[in-house]
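Descriptive structure summary
So you can see what is in the structure, the chains are spelled out below.
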Amino acid sequence: MSVGTVVDWLAAVALVSGALLSLAAGIGVLRFPDVLDRMHAATKPQVLGVLLLLVGLALRLRTAADLGMIMLVGVFQLATAPVAAQMIGRAAYRSGRVDRSLLDVDELAGHQPDPAGPRPQRADSRSGDGGSQAEGGDPRSGDGGQRE
Amino acid sequence: MSGASSRPTGRRRDQLIALGWLVVVWNLLWGHFSPANVLTGLLVGGSVLLFFPLPPVSFGGRLRPRALLVLAGTFVVELVSASIHVAAIAVRPRFRPRGAIIGVPLRVRTDLNLALTAELLSLVPGTLIVEVDREAGVLYVHVLDVRSPADISGSRERILAVEERIVRAVGSEAELRQLLTEPTEAP
């Protein structure tokens, strides 16, 4: 068996498992009862699914220009998916759309600005928090998160 | 910008590094490096830095190759197990997972460490960042699939382990000492 065949088989395995993980992520987003649970499905299996698909693609294409682009997609995926999930989760929590009956513990409850009217001094200090700083200066990073 | 920054040279250095990365990204997007791509990359990157300036988050630590490898290796293993965990819950019939939101005070309260830890812990098993209290250095984290109080304390320890690996990989000596001496407690 030549090296090319082995690489093609590896690529096939990566592509199929990546597609299955993406499918599981989709099922999770549909089936989970709450926004925060859904964000778990939208980050972990989704990110790994895309990364596996990219690995499969890289093994099949094997040209420098494609590898550069694939690397960029992977890096932006890793950098933006958690930030996007945090933004959605935070917005859901602040607007009271999180189902409290599904939570065993909620240590954020006492520390949260009132959803109806956030106290100005807290709102100011939180407006630019850590999550958005990671790559906030690059306008293209937003596209990376929306690609899926 | 010059008024906010007490060390203009450090700020200038950070911007030059960012410009370099933007030029690399621009060339990768076009598929190849050429003088014309580098030139337009400098123009586009320069205007990005001019019109969308980053808050000054300077890198004060140093890179430790061994710890970086440990961080990357552990991350890959945890990302795979997290994905399988969530995928398994997603396809299990008639199962409604219980959740919890816990506050975890970090030991190193720099913006860079908060951002990196928040980012990474969303991709490791069971945890997802919901809210960041920047002054207090507390991350509020949603935990998926809670069955017992042990799951919650386990998640707390896992988050602090993520923080420790990050500080060991990119933190300064002072931050590393802070990590080893500061006690960890629930808020």
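Residues numbered from 1 in each chain as written. Chains lettered and ligands numbered in written order. Predicted model: local features only at pLDDT ≥ 70, side-chain atom pairs only at ≥ 80, totals over all residues. Heavy atoms only, no water.

Chain B goes by Na+/H+ antiporter subunit E in an unreviewed UniProt entry, where it is assigned to Micromonospora antibiotica. The UniProt entry for chain B carries the following text under Sequence similarities (unreviewed entry): "Belongs to the CPA3 antiporters (TC 2.A.63) subunit E family." For the record of chain B, the UniProt heading Subcellular location (unreviewed entry) holds the text "Cell membrane". (UniProt positions renumbered as here; feature names shortened; annotations may be inferred.)

1. Focus: the UniProt feature "transmembrane region" (unreviewed entry) in chain B
Residues and elements named next belong to chain B. Per the UniProt annotation, the sites labelled "transmembrane region" (unreviewed entry) are residues 16-33, 39-55 and 67-91. Summarising residues 16-33: 83% helix, 0% strand, and an end-to-end C-alpha distance of 19 Å. Helix makes up 100% of residues 67-91 and strand 0%, and the two end C-alpha atoms of the span are 36 Å apart. (Helix = DSSP H or I, 4+ residues; strand = E, 2+ residues; numbered from the N terminus.)

2. Some points on the domain arrangement of chain B
When the domains of chain B are assigned, the result is domain 1 (8-51) and domain 2 (65-181). Using C-alpha coordinates to define each centre, domain 1 of chain B is positioned 32 Å away from domain 2 of chain B. (Domains from an automatic or database assignment.)

3. Comments concerning the pairing of strand β2 (residues 127-133) of chain B
Residues and elements named next belong to chain B. Within β2, 7 of the 7 residues are buried, which leaves the element mostly enclosed by the surrounding structure. The sheet contact formed by β2 and strand β3 (residues 138-144) spans 6 bridges and is antiparallel. Looking at β3, one finds that Glu131 is bridged to Tyr140. In this structure, the hairpin formed by β2 and β3 is closed by a connection of 4 residues, where Gly137 is found at a positive phi of approximately 70°. (Buried < 20%, exposed > 50% of the residue type's maximum accessible area, 1.4 Å probe, protein only. Pairing = 2+ DSSP bridges.)

4. With respect to the pattern of salt bridges
Two side chains with opposite charge may pair up if their charged atoms get near one another. Residues and elements named next belong to chain A. Tallied over the full model, the rule gives 12 salt bridges over all chains. Of the charged contacts in the structure, one is a salt bridge between Arg62 and Asp8, with a shortest N-O distance of 2.8 Å. Linking Arg62 in the loop between α2 (35-61) and α3 (64-94) with Asp8 in helix α1 (residues 3-31), this pair joins segments that are 54 residues apart in sequence. Residue Arg62 is classed as partly exposed on the basis of its relative accessible area, which comes to 46%. Look at Asp8 and you get partly exposed, because its relative accessible area is 30%. (Salt bridge = Lys/Arg side-chain N within 4 Å of Asp/Glu carboxyl O.)

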